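Next come the chains, spelled out residue by residue.
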Amino acid sequence: MGIETSCDETGVGFVQDGVLLGDALASSMAEHARFGGVVPEIAARAHVQAMVPTVQAALLDAGITLADVGAVAVTAGPGLATALHVGVAAAKAYALALGVPLYGVHHLAGHAAADTLEHGPLPARSVGLIVSGGHTSLLSVRDLVRTPIVHLSDTVDDAAGEAFDKVARLIGLPYPGGPSIDRAAKEGDRDAIRFPRPFTGPHDPPLGFSFSGLKTAVARHVEAHPDVNAEDVAASFQEAVADVLTAKALRACRDEDVETLVIVGGVAANSRIRELAAERCAAAGVDLRIPPMRLCTDNGAMIAAIGDLLVRDGATPSDPGFSAVPTVELRQAQLV
């Protein structure tokens, strides 16, 4: 059983031997929308209210009972502290009541593991691009549970998902910004405005990311052109992000001499990023792996997937006294 409560989704999933048996998801997104972003206290309260119903719904979807659960995995970090504590407390309660081992895992390792539910085990070597509301990183991945995960680069400021949210607000689109901009961009011209491609100059780190300046460029353009078409801004901004992300991911594949690129995280659900990544990977002879859209955003299935890998690898369960770790870099799948 996997439990995910790092932000505003309460996710529960059940995985056995790499196969997703069933899952369920409850979101408090609507409660946060009027604030233009996630409010930690609201998210935590929503997790408390949704936990048991979501577990019951996932069990029903999987066609099993709690008696069939052999281990529990839970997101221990990173994420909102108040939200994480709800999931960790619930996972400890279920593991203790069922008498099964407990694993505290890294949220981003779960995102990477989500792809295995669709495409099977990861190859011996791959490059991972994690793009979400709080993270934008390029990783060198060998084995998710046995070998350290090496960071090739991380964003120096706003993550891609943050930039989507902030730009959506600038052009009057609703929160969350990712889906709003994706929808608006379908009606716009991605070549209408040539927004800058950050960190692509000759003296910039070749794999580095920075999205704060791009957001500022959009803000200045909107200020200078108050009557600008919002759909054109959305499409042009989205194109800049997709261009930078996919170009640098392919550069990492060349540098690391690997033939597989795995793109995961909430922003991996963006249609233009998926489309451009497919085009560029096909041209470069790189195998592209992206989970189905429903497994890109936070969910319990991905946490169950990484827990399943740990169990099958014989990993030592976490100490039952562990606590949530709100801020922690991805180096290994098991956090505590």
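Up top is the structure these notes are about.
Residues numbered from 1 in each chain as written. Predicted model: local features only at pLDDT ≥ 70, side-chain atom pairs only at ≥ 80, totals over all residues. Heavy atoms only, no water.

## Details of the sheet that holds strand 9 (residues 260-264)
In a beta sheet, neighbouring strands are held together by backbone hydrogen bonds and run either parallel or antiparallel to one another.
And step 1. One open sheet holds the five strands; their spatial order is 8-7-6-9-10, and the pairing between them is mixed. The sheet terminates laterally at strand 8 (150-154) and strand 10 (287-289), the two strands that pair on one side only. The sheet shows a mean angle of 20° between the axes of neighbouring strands, taken without regard to direction.
And step 2. Direction of pairing for strand 6 (residues 126-131) relative to strand 7 (residues 136-141): antiparallel, over a ladder of six bridges. Bridge assignment links Ile 130 to a residue of strand 7, and that residue is Ser 137. (Pairing = 2+ DSSP bridges. Helix = DSSP H or I, 4+ residues; strand = E, 2+ residues; numbered from the N terminus. Axes fitted to C-alpha atoms, helices over the stretch in contact; angles between N-to-C directions.)

## A word on the pairing of strand 7
And step 1. Most of strand 7 sits inside the fold, with six of its six residues counted as buried.
And step 2. Because side chains alternate across strand 7, one face comprises the buried residues Thr 136, Leu 138 and Ser 140, and the other comprises Ser 137, Leu 139 and Val 141, equally buried.
And step 3. The hairpin formed by strand 6 and strand 7 contains four residues between the paired strands.
And step 4. Bridge analysis of strand 7 against strand 8 gives four bridges, and the strand direction is antiparallel. Paired with Ser 140 across the strands is Val 150, a residue of strand 8. (Buried < 20%, exposed > 50% of the residue type's maximum accessible area, 1.4 Å probe, protein only.)

## A word on the packing of aromatic side chains
For any pair of aromatic rings, the description rests on two quantities: the centre-to-centre distance and the angle between the ring planes.
And step 1. The full count for this structure, using the stated rule, is two aromatic pairs.
And step 2. Arranged with centres 5.1 Å apart and planes meeting at 75°, the rings of Phe 164 and Phe 237 form a pair that is edge-to-face. Of this pair, Phe 164 sits in helix 5 (residues 160-170) while Phe 237 sits in helix 8 (residues 230-256), and the two are 73 residues apart along the sequence. You'll find Phe 164 and Phe 237 in the same group, each marked buried.
And step 3. Relative to Phe 211, the ring of Phe 209 lies with its centre 6.2 Å away and its plane at 15°, an arrangement referred to as stacked.
And step 4. Directly above the aromatic system of Phe 322 lies the positively charged group of Lys 92, at a separation of 5.0 Å from the ring centroid. (Phe/Tyr/Trp six-rings, centres within 6.5 Å; stacked < 30°, edge-to-face > 60°. Lys NZ or Arg CZ within 6 Å of the ring centre and 35° of its normal.)

## Topic: the nonpolar core
And step 1. Core analysis: the largest hydrophobic core is formed by 48 residues, its most contacted members being Leu 129, Phe 195, Phe 237 and Leu 261.
And step 2. Mapped onto this core, the elements with two or more residues apiece are strand 6, helix 5, helix 6 (177-185), helix 7 (212-224), helix 8, strand 9 and helix 9 (271-284).
And step 3. Here this core takes 13 residues from helix 8, the largest share from any one element.
And step 4. Within the second largest apolar cluster, 30 residues are counted, among which are Leu 108, Leu 139, Val 141 and Val 262. (Core = buried A, V, L, I, M, F, W, Y, C linked by side-chain atoms within 4.5 Å.)

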